[in-house]
Amino acid sequence: MMHGIVPPYLLTRIARLDDERFAVAAVAAQNALRHDEPMRAARLTFSLSDSGALVAEFADTPTRAVSDAAATETLPGRVARREGGDPVADVAVNEAYDGLGSTFALYSEVYGRNSIDGRGLPLDATVHYGRLYDNAFWNGERMVFGDGDGVIFASFTGSLSVIGHELTHGVTQYTANLAYQGQSGALNESVSDVFGALVEQHSLGQSVDKASWLIGDGLFTDQVEGSALRSMKAPGTAYDDDVLGKDPQPADFEHYITTDDDNGGVHLNSGIPNRAFYLVAHRLGGTAWESAGRIWYDTITGPLAPTVDFAGFAAATVAAAAKRFGAASAEVDAVRAGWAGVGVASDGAPRG
Amino acid sequence: MARPGGEPAIVVTVARTGGFAGLRTQWRVTSDDSDEWMPLIEACPWDTVTADPHSRDRYIYTIEVTAPRKRRTAAVPEASLVGPWKELVEKVQST
Ligand SMILES: [Zn+2]
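Residues numbered from 1 in each chain as written. Chains lettered and ligands numbered in written order. Predicted model: local features only at pLDDT ≥ 70, side-chain atom pairs only at ≥ 80, totals over all residues. Heavy atoms only, no water.

Trainee: Where do I start with the interface of chain A and chain B in this structure?
Mentor: As a measure of interface size, the accessible area lost when the parts come together is often cited. At the junction of the two partners, chain A supplies 32 residues and chain B supplies 17 residues. Each partner contributes to the roughly 1900 Å² buried at the junction of chain A and chain B, and carbon and sulfur atoms together form 50% of this total. Linking chain A with chain B are 2 salt bridges. Between Lys86 of chain B and Glu73 of chain A there is a salt bridge, with its nearest N and O atoms 3.3 Å apart. (Contact = heavy atoms within 4.5 Å. Buried area = accessible area lost by both parts, 1.4 Å probe. Salt bridge = Lys/Arg side-chain N within 4 Å of Asp/Glu carboxyl O.)

Take a look at the structure:
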């Protein structure tokens, strides 16, 4: 097997091949050229089939650029590593670059999605944002990572689930576009946690039972009593610390938190759909990105109102599972049981 | 100058919520020195806060001022925390 990057001129030639031995390759090359990005490249894999025919497979490749804000709050900062560039001395730059690659790989290889917008949008990130900045965010165009204060938080590039979370905010922006307030806001947050966790699991090759189901593993310094920021498996148990207090996430709908803070507690109430996802994945077993992940991906890319509530989203996941796996499938049963496990009805008509 | 037997003349509260971690942090200042605080407070555009509909996981600053015959509140997205807003929040945080 051989891997290489195919320049656009070669893609054009392969796309024009009129030989049935290369039919698959020609179609793949035509697909790769269908969009109008002038500098588009693709990953090409050659292999020989059992009958000795040459098989060429194309895969999309990311276009990454990681910039350095050098402790300022000015975006984008100076580009420190571009696509294909060698690792640099700055660990945060390389962590962001590799994390974007792992996230791109999950979406591309498992769900057939070419980047955030499905059309090869460049992945732009900025590291070293601000001074002692305890946060990571998506600003609508790029992912931005702080170094942490060094006392409670370490660098935000240190956790792959965080990088996957931020990039997924971009995917949601281009798909379900869930309104960032109240229940739909908590679903927006949960979708980012779900695919953030799946990026990590896919990258490590972890099955449902081997995975930590933690979000932000490695973000806390050794001085904090806690393993991560959130636990999808057991919301409310990720940390319990003298300074930070106890993880306040609810694990079921009965304990939904009504607050004016944080757009209606979007980072707290996400614990409820997070646990529903975990329960579905646990029941189905195997690798979560292939089972529950596929249902959730179908849901956010399917018909869904931006202001959908938990029950409407739950119904949409049931519909997505039924469409892909059949109405009487184990997947549909697992999805229903998952939502029942957090006290959310899933038998309503999917809205949207 | 404290009013006889009265509350402090000016109370400024800043609550920072949101962010990836969803943690709430609050800072509070009480002062009787209106010359020190009121010009900065009045310089903030309380009625025209710019919304930030695109960002996710950024902070939101809820700023509240109570002063004699005056009460002001605003929820300022991190992206809009510039100029006098930023100056006011940093002053409260460091006082
Ligand atoms: Zn988020």
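Trainee: Help me understand the sheet that holds strand S2 (residues 25-31) of chain B, please; the structure alone is not making it clear to me.
Mentor: Note on sheets: strands pair through backbone hydrogen bonds, and any given pair is parallel or antiparallel. All names here are of chain B. Strand order in this open sheet of 4 strands is S2-S1-S3-S4, and the pairing throughout is antiparallel. Of all strands in the sheet, those bounded by a partner on one side alone are S2 and strand S4 (70-77). Between one strand axis and the next, the sheet turns through 10 degrees on average, direction left out of account. Of the strands in this sheet, strand S1 (10-18), S2, strand S3 (59-67) and S4 are in contact with helix H1 (residues 34-43), which crosses S1 at around 45 degrees. (Pairing = 2+ DSSP bridges. Helix = DSSP H or I, 4+ residues; strand = E, 2+ residues; numbered from the N terminus. Axes fitted to C-alpha atoms, helices over the stretch in contact; angles between N-to-C directions.)

Trainee: Mind showing me how you'd approach the pattern of salt bridges here?
Mentor: It is possible for side chains bearing opposite charge to pair when their charged atoms get close. Residues and elements named next belong to chain A. Counted by the stated rule, this structure contains 11 salt bridges over all chains. Arg230 serves as the salt-bridge partner of Asp193, at 2.8 Å between the closest nitrogen and oxygen. Of the two residues, Asp193 sits in helix H5 (residues 182-204) while Arg230 sits in strand S10 (residues 230-231), which places them 37 residues apart along the sequence. Its relative accessible area of 0% is what places Asp193 among the buried residues. (Buried < 20%, exposed > 50% of the residue type's maximum accessible area, 1.4 Å probe, protein only.)

Trainee: Would you take a moment to explain the coordination of the zinc ion for this structure?
Mentor: Each donor-metal-donor angle would ideally measure 109.5 degrees in four-coordinate tetrahedral geometry, or 90 or 180 degrees in six-coordinate octahedral geometry. The protein atoms donating to the zinc ion are His165 of chain A (NE2), His169 of chain A (NE2), Glu189 of chain A (OE), Glu189 of chain A (OE), Asp57 of chain B (OD) and Asp57 of chain B (OD), with metal-donor distances spanning 2.0 to 2.6 Å. Seen from the zinc ion, its 6 donor atoms lie at angles of 53 to 143 degrees, and the figure they make is irregular. Of the two residues, Glu189 of chain A sits in helix H5 while Asp57 of chain B sits in the loop between H1 and S3, which places them in two different chains. In this structure, Glu189 of chain A and Asp57 of chain B share a single accessibility class: buried. (Donors = N, O, S within 2.8 Å, 3.2 Å for Na, K, Ca; no water. Tetrahedral: all angles 85-135°; square planar, octahedral: opposite > 155°, others 65-115°.)

Trainee: Would you mind showing me how to read empty space enclosed by the protein here?
Mentor: To find leftover empty space, a probe the size of one water molecule is rolled over the atoms. In this structure the tally under the stated criterion is 2 cavities of 30 Å³ or more. In this structure, the largest cavity spans a volume of roughly 40 Å³. Taken together, Leu229, Arg230, Tyr239, Asp247, Pro248, Gln249, His267 and Leu268 of chain A together with Ala21 and Gly22 of chain B make up the full set of residues lining the largest cavity. Around the second largest cavity sit Ala197, Glu200, Gln201, Gln206, Ala211, Ser212, Trp213 and Leu214 of chain A, which together line it. It is H5 of chain A that provides the largest number of residues to the lining of the second largest cavity, a total of 3 residues. (1 Å grid on protein atoms, 1.4 Å probe; cavity = no way out; pocket = protein on both sides within 12 Å on 5 of 7 lines; lining within 4 Å. Points joined across faces, edges and corners; volume = space filled by probe spheres on them.)

Trainee: Help me understand the packing of helix H7 (residues 271-284) of chain A against helix H10 (residues 330-341) of chain A in this model?
Mentor: Any two packed helices are characterised by how steeply their axes cross, that is the angle between the axes, and by the distance between the axes. Residue and element names in this part refer to chain A. With their axes 8 Å apart at the nearest point, H7 and H10 run at an angle of 145 degrees to one another. The hand of the H7/H10 crossing is right-handed. Residue-level contacts link Pro273, Arg275, Ala276, Leu279, Val280, Arg283 and Leu284 of H7 to Ala330, Glu331, Asp333, Ala334, Val335, Ala337, Gly338, Trp339 and Gly341 of H10. For the contact of H7 with H10, the class distribution of residues is 10 nonpolar, 2 polar and 4 charged. (Left-handed = near helix turned anticlockwise from the far one by under 90°. Nonpolar A, V, L, I, M, F, W, Y, C, P; charged D, E, K, R; others polar.)

Trainee: Any chance you could explain helix H6 (residues 262-269) of chain A here in plain terms?
Mentor: Helical geometry: 3.6 residues make up each α-helical turn, so side chains three or four residues apart lie on a common side. Most of H6 of chain A sits out of view: 7 of its 8 residues are buried. Every buried residue of H6 of chain A is accounted for by Asp262, Gly264, Gly265, Val266, His267, Leu268 and Asn269 of chain A. On its buried side, H6 of chain A packs onto H5, S10, H7 and helix H9 (310-325) of chain A together with S1 and S3 of chain B.

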